[in-house]
Each structure stands twice: as structure tokens, then as C-alpha cells.
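Here is how the chains run, residue by residue.
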Amino acid sequence: MSLLQLIFQLVLMALALSTVMAAAWQIQRRTRATGWIDVCWTFGTVLVACVASLVPVPEDGVPTARQIMVALLVAIWSLRLGSHLLSRTWKAGDDPRYRDLIDQWGDTADRRMFLQLQAQAAVGLILTISVALAAHNPRPALGLADLFGAVLLLTGLIGEALSDAQLSKFRSNPANRHRICEAGLWKWSRHPNYFFEWLCWLAYPLIAIDASYPLGWITLLAPACMYWVLVHVSGVPPLEQHMLRSRGQQFRDVQARTRPFFPFPKPTSGS
């Protein structure tokens, strides 16, 4: 992919993602269910990323094996995450992170939520650029780097699905109604699902970075951006603020003994 082609794709992807998130803004306004925001973001991002992976095609008119593989990987990611979000939204409707923001913003909520969702479109743009650059790596054939990238992404999906399943099982027990999940991976991390989501985005630099492909280094922006968003912006901070309001000291105790992101046992105070 040439620099000119990249710029052209960049403009088209930006317009498409901006439109998707403008539609998400309207949907959540009309339905009063903020959970649809992330559903729209997930499926909109994958649609743009898949098209960007497969277009432009080589001169023979047939996508390369790498283009097809990357498009399939991002589609599998979207189906896993999107179906989970869709099921959750269908049952609960609201996402407490967005609802808390709307309550805090008051009369300016509509305008500020629109800008918030356009910022999420910008995040989606960074991710789709990384996917496209990985797909268009000009290496002539699939190799170990492609295999490692695919395995890493699938590992992230499995870990994220396991985290969600453990949390769902915990919540399904009426005895746990006012308790905080510390079962399985949740014993090691307060947000293992976020960690494994971030892990998925490390796959694209593995596929893209190559000594003969300078543009591949841009894909490092995907895991860097995702880490920043999940850990410092719209992932951990608002969710933990919500948990502190709803669970108080119980959640402070969990914070004291559990890591916020990386799922590793936390050293005891005496170690």
C-alpha cells in the first residue's frame, strides 16, 4: 500500500466511522439505552476494517492470503465482542459508564455525548488503520509472524470470553447479588476482560512490522491507544468510580488485593 493510497483510505475510514458513531448517538437518544453505543462501535469498526483489509486488491484482482487472514481475524473479534455486547444490551439496555456521564453532564449531555462518540470514532480509526496496514504487508507469503499474530489474537479472544463467562456465572447466582466477582481470572485482575481485549490488538503489529515495510511500525498505535483508552479513559476509571459508589468499602478491599489490569497475583504486603 502506497502512502497516497493510505491517505485516501484514511479519509474514507474517518468519514465512515464518524457516520457510524453519529448514528449510535441518535440511537441511544431515541432508545434511552446507552448500551447500543458500544454495539454500534464494534460492528461499525469491523465493517470498516474488513473493507480496508481487502481493498485495494493486488493487480491480479485477488486478495492475498494475508489480506483474507487479517479480515477474518478482525471479523472473528467483532463477532465475539459484538454478540456479547448485543446480548448484554438486549437484557440490561444501559451501560453504567455512559449513564453516569449523562447524569453528570446534565443539560449539556446531548452535545457532550456526541463529541464523546466522535472521539470514539477517532479511536476506531487508529485501530482500523492498524488492521489495514497489517493486511497489506507486502511479504510474499504467510510466515511465522502471521501465525504468531493469529494465535495471539485468538488467545485474547478466548481469555476475554472466559472472563465474561466467569462473571456471568457469578452474577447468575442470587447469593452473589451484592457481592463482587473474584472467581477465576477475576481473582487476579479487576478487569481481566479489558486485559484480553488489549491483548488482541498486539496481534496486528506482529503481522505488520517488517524491516522492508516501514509503514508497519504505525500499527503499534493500536495496542498503545487501546491501553490508554481502557486503563485511563473510558474503561477502568468510570467503571471503578461506579463500583465505588455502588459497593463502597467492599470494592476498596478488592482494589487493595487485586491488580487493576494485568491478571497476575498481587504480592502480599509482607513480600
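Going by the structure above, here's the rest.
Residues numbered from 1 in each chain as written. Predicted model: local features only at pLDDT ≥ 70, side-chain atom pairs only at ≥ 80, totals over all residues. Heavy atoms only, no water.

K.L.:
Tell me what's going on with the pattern of salt bridges, and back it up with residues and numbers.
P.N.:
Under the counting rule described, the total for this entry stands at 13 salt bridges. Two residues, D164 and R80, come together in a salt bridge whose shortest N-O distance is 2.9 Å. Taken together, the residues span a long stretch of sequence, with D164 in helix α6 (residues 144-172) and R80 in helix α3 (residues 65-92) at a distance of 84 residues. Taken as a pair, D164 and R80 share a single burial class, namely buried. Members of the salt-bridge network, linked through shared partners, are D38, R88, D95 and R97. (Salt bridge = Lys/Arg side-chain N within 4 Å of Asp/Glu carboxyl O. Helix = DSSP H or I, 4+ residues; strand = E, 2+ residues; numbered from the N terminus. Buried < 20%, exposed > 50% of the residue type's maximum accessible area, 1.4 Å probe, protein only.)

K.L.:
Got a sec to walk through the packing of aromatic side chains? Specific residues and values, please.
P.N.:
Scanning the entire structure with this criterion turns up 15 aromatic pairs. Both rings, one in W25 and one in F114, keep their centres 5.2 Å apart while their planes meet at 80°; by these two values the pair is edge-to-face. You can see W25 sitting in helix α1 (residues 3-31) and its partner F114 sitting in helix α5 (residues 109-135), a full 89 residues away along the chain. Assessed through its relative accessible area of 15%, W25 is described here as buried. On the accessibility criterion, F114 (30% relative accessible area) is partly exposed. Ring geometry for F195 versus F261: centroids 5.8 Å apart, planes at 75°, classification edge-to-face. Here the residue F195 occupies a position in helix α7 (residues 192-200), and F261 occupies one in the segment after α11 (249-257), the gap between them amounting to 66 residues. The exposure class of F195 is buried, given its relative accessible area of 9%. Within the aromatic cluster, the residues linked to one another by ring pairs are F195, F196, W198, Y227, F261 and F262. Between R29 and the ring centre of W25, over which it is positioned, the NZ or CZ distance is 4.8 Å. (Phe/Tyr/Trp six-rings, centres within 6.5 Å; stacked < 30°, edge-to-face > 60°. Lys NZ or Arg CZ within 6 Å of the ring centre and 35° of its normal.)

K.L.:
Provide a residue-level description of the environment of Y204, including the pertinent values.
P.N.:
Position of Y204 among the secondary structure elements: in helix α8 (residues 203-208). In sequence terms Y204 and E59 are 145 residues apart; their C-alpha atoms lie 24 Å from each other.

K.L.:
Requested: an account of the environment of D60, with residues and values cited.
P.N.:
For D60, the location among the structural elements is in the loop between α2 (36-54) and α3. Given the relative accessible area of 60%, D60 is considered exposed. Along the backbone, D60 and A134 are 74 residues apart, and their C-alpha atoms lie at a distance of 20 Å.

K.L.:
Residues and numbers for the side chain of S189, please.
P.N.:
Position of S189 relative to the elements: it lies in the loop between α6 and α7. One polar contact links the side chain of S189 to the main-chain amide nitrogen of H191, over a distance of 3.0 Å. From its side chain, S189 meets the backbone oxygen of F261 in a polar contact 2.8 Å long. Excluding anything up to four places from it in sequence, S189 contacts T258, R259, P260, F261, F262 and P263. (Polar contact = N/O pair within 3.5 Å; in protein donor to acceptor, adjacent residues only side chain to side chain. Contact = heavy atoms within 4.5 Å.)

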